Amino acid sequence: MSWDLKTDRPIYSQLIEQIEIKICSGIFAPGSKLPSVRELAQEAAVNPNTMQKALSMLEEDGLLYTNRTSGRFITEDAKMIEQAKHKLAQDQISEFLEKMKSLGFGKTETLSIISTMLEEAKK
Amino acid sequence: MSSILTCNNLSKSFGNKKALNNINLNLERGRIIGLLGPNGSGKSTFIKLCNDLLTPTSGELQIGGNAPGIETKRIVSYLPERTYLNDWMKVSEIIQMFQDFYPDFNVEKAYDMLKRLSINPSERIKTLSKGTKEKVQLILVMSREAQLYLLDEPIGGVDPAARDYILDTILGNYQENATIIISTHLISDIEQILDDIIFLQNGQVVLTKTVDEIRDENGKSVDTLFREVFKC
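As the structure is a computational prediction, the values presented were derived from the model and not from experiment. (Residues numbered from 1 in each chain as written. Chains lettered and ligands numbered in written order. Predicted model: local features only at pLDDT ≥ 70, side-chain atom pairs only at ≥ 80, totals over all residues. Heavy atoms only, no water.)

Asks: How would you explain the overall build of chain B if you had to name every residue and give the values?
Replies: A tally of helices and strands in chain B yields nine helices and nine strands. Expressed along its principal axes, the backbone C-alpha trace of chain B runs to roughly 45 × 40 × 35 Å. Evaluated residue by residue, chain B yields a buried proportion of 52% over its 232 residues. A sequence separation of at least 24 residues applies to 70% of the contacts in chain B between residues at least 6 apart. (Helix = DSSP H or I, 4+ residues; strand = E, 2+ residues; numbered from the N terminus. Buried < 20%, exposed > 50% of the residue type's maximum accessible area, 1.4 Å probe, protein only. Contact = heavy atoms within 4.5 Å.)

Asks: Let's hear about the interface of chain B and chain A: which residues, and what values?
Replies: Much of the literature gives interface size as the accessible area that the parts lose upon coming together. On the chain A side, the residues contacting the 22 residues of chain B number 19 residues. Among the residues chain B hides against chain A, the three largest losses belong to Gln-192, Asp-212 and Arg-215 of chain B. Together they make up 40% of the total. Connecting chain B to chain A are zero salt bridges. Counting only elements with at least two residues in the side of chain B that touches chain A, the list comes to helix 6 (160-173) and helix 8 (211-218) of chain B. (Buried area = accessible area lost by both parts, 1.4 Å probe. Salt bridge = Lys/Arg side-chain N within 4 Å of Asp/Glu carboxyl O.)

Asks: Let's hear about the nonpolar core: which residues, and what values?
Replies: Counting residues in hydrophobic clusters, the biggest one holds 77 residues, and the most contacted among them are Met-51 of chain A together with Met-142 of chain B. At seven residues, the largest contribution of residues to this core is made by helix 1 (residues 11-24) of chain A. Residue contributions to this core reach at least three from each of two domains, namely domain 1 (11-76) and domain 2 (79-122) of chain A. Those residues in contact with Met-142 of chain B that sit more than four places away from it in its chain are Lys-109, Met-113, Tyr-149, Leu-151, Ile-170, Asn-173, Tyr-174 and Ile-180 of chain B. Of all hydrophobic cores here, the second largest spans 24 residues; its members include Ile-4, Leu-5, Leu-49 and Ile-75 of chain B. (Core = buried A, V, L, I, M, F, W, Y, C linked by side-chain atoms within 4.5 Å. Domains from an automatic or database assignment.)

Asks: Pulling in residues and values, what's your account of unusual backbone geometry?
Replies: Positive phi outside glycine occurs at Ala-45 of chain A, with the angle close to 55 degrees. Along the chain, Ala-45 of chain A falls in the loop between helix 2 (37-44) and helix 3 (48-61). Residue class for Ala-45 of chain A comes out partly exposed when judged on its relative accessible area of 35%. Of note in this structure, Asn-22 of chain B is not a glycine but carries a positive phi near 55 degrees.

Asks: Go over the sheet that holds strand 8 (residues 196-201) of chain B, please, and point to the residues and values.
Replies: All names here are of chain B. Read across the sheet, six strands follow the order 5-6-7-3-8-9 without closing on themselves; strand pairing throughout is mixed. If you trace the sheet from one side to the other, it starts and ends with strand 5 (76-79) and strand 9 (204-210), each paired once. On average, adjacent strands in this sheet sit at an angle of 15 degrees to one another, irrespective of strand direction. With four bridges joining them, strand 5 and strand 6 (residues 148-152) adopt parallel strand pairing. Within strand 6, the residue paired with Ser-77 across the bridge is Tyr-149. In the packing of helix 9 (residues 222-229) onto the sheet, contacts are made with strand 3 (32-36), strand 8 and strand 9, and the angle to strand 8 comes to roughly 15 degrees. (Pairing = 2+ DSSP bridges. Axes fitted to C-alpha atoms, helices over the stretch in contact; angles between N-to-C directions.)

Asks: Could you give an account of the environment of Arg-29 of chain B, naming the residues involved and the relevant values?
Replies: Residues and elements named next belong to chain B. Its place among the elements puts Arg-29 in the loop between strand 2 (17-28) and strand 3. Sequence spacing of Arg-29 and Asn-8 is 21 residues, and the spatial spacing of their C-alpha atoms is 18 Å. Here the side chain of Arg-29 touches Gln-147 through a polar contact of 2.9 Å, side chain to side chain. (Polar contact = N/O pair within 3.5 Å; in protein donor to acceptor, adjacent residues only side chain to side chain.)

Asks: Describe a nonpolar patch on the surface, naming the residues involved and giving the relevant values.
Replies: Residue and element names in this part refer to chain A. A cluster of nonpolar side chains, namely Ile-93, Phe-96, Leu-97, Leu-111, Ile-114 and Leu-118, defines an oily patch on the protein surface of about 550 Å² accessible area. Secondary-structure elements contributing two or more residues to the nonpolar patch are helix 4 (78-103) and helix 5 (107-122). For Leu-111, the location among the structural elements is in helix 5. Of the residues examined, Leu-111 reaches a relative accessible area of 57% and is grouped as exposed. (Patch = residues over 30% accessible without salt bridge, like charges linked within 9 Å, V, L, I, M, F, W, Y side chains within 5 Å. Areas by Shrake-Rupley, 256 points an atom, 1.4 Å probe, with all protein chains shown as cover.)

Asks: A description of helix 3 (residues 91-101) of chain B should follow, citing residues and the corresponding values.
Replies: All names here are of chain B. Within helix 3 the residues assigned to the buried category are Val-91, Ile-94, Ile-95 and Phe-98. Across the axial projection of helix 3, the buried residues extend over an arc of 105 degrees, all falling on one side. Buried residues along helix 3 sit against helix 4 (107-116) and helix 5 (130-142). (Arc of directions from axis to C-beta.)

Asks: Report on helix 5 of chain B, specifying residues and quantitative values.
Replies: Residues and elements named next belong to chain B. Between its first and last C-alpha atoms helix 5 spans 18 Å; for 13 residues at 1.5 Å apiece the expected length is 18 Å, and the two agree. The buried fraction of helix 5 amounts to twelve of the 13 residues, a majority that puts the element mostly inside the structure. When we look at burial in helix 5, the residues that qualify are Gly-131, Thr-132, Lys-133, Glu-134, Lys-135, Val-136, Gln-137, Leu-138, Ile-139, Leu-140, Val-141 and Met-142. Looking at the buried positions of helix 5, the neighbouring elements they touch are strand 5, helix 3, helix 4, strand 6, helix 6 and strand 7 (179-184). (Expected span 1.5 Å × (residues − 1).)

Asks: Please set out the sheet that holds strand 1 (residues 3-14) of chain B residue by residue, giving values where relevant.
Replies: Residue and element names in this part refer to chain B. Taken together, three strands build an open sheet; the order of strands is 2-1-4 and the sheet is antiparallel. Two strands bound the open sheet, and with one partner strand each, they are strand 2 and strand 4 (58-63). Recorded for the sheet is a direction-independent mean angle of 20 degrees between the axes of neighbouring strands. Where strand 1 lies against strand 4, five bridges are found, and the strand directions are antiparallel. When the sheet's bridge partners are listed, Cys-7 is paired in strand 4 with Leu-61. Against the sheet, helix 1 (residues 43-50) engages strand 1, strand 2 and strand 4, with an angle of about 120 degrees to strand 1.

This is the structure:
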């Protein structure tokens, strides 16, 4: 499980994003226990305080919850995970659309390229 | 939380050259702090002052409420910029010596780290390569359960793979309430593990911020900002 961190954005926001991806893709299964802050920080090679900040924010959003005695867990709320997944997809697509726009493609052109490619992939 | 290190108008001159000029800092516990600056900016002078190897020309410096001296050496674990270990000693003998010297020295931790880096404890220091010597020294420093770690260029002489291991060692072994100050100019290698940074230039503090603040406000890494601020 790798952590790919860019240098031009705050680390905590990238950690949040990557943990969201791990939850959505099922690497961190719903209801399962999360490794400790220290373990996660070491794995991602980041400062434990930064990891702590990212986890607290995910907790505020409800994707994680803390059981006071036994640690931090991933939510079992499938709907909430679905929402997070949706949000990540939207982020990806708006980033992609930005890029296409800067290449000079309009909405309809972009859409037609996508459908052509999907058609070809089917074959 | 009380601060671990404070300095008020701290200055150090060598003749009429001011190595440090009116430094005011207040460093909290539980942080990893990068002390960054170009060559000759005063990084090592600052760290030497903290270790009582130099005395301030004026101003005040306190660590855990005491001026540098016997009391502070108890709680400070220091990695100097060069090796000082006796060449003829075996690694295991040096570990024994550290154990005698420092009540907070954790022997098991030391042997565990030696094993992970496949360093043979019965080898003599003089038979070790330069990089391995540096690793041994870092192991000794990080095996102490100190309140303040002062690391002067901890990753300068080792290869990138060992660098990763060393950062991992630093992250895995410091106490939750301890503060680590790392002086270096290899910023891109360490900025990911830093909470705060201090930029020194010509003996003065020109910037103190958290890494995420810098990335948020400038949209660039600490390394890039450093190259801009200290452009030659």
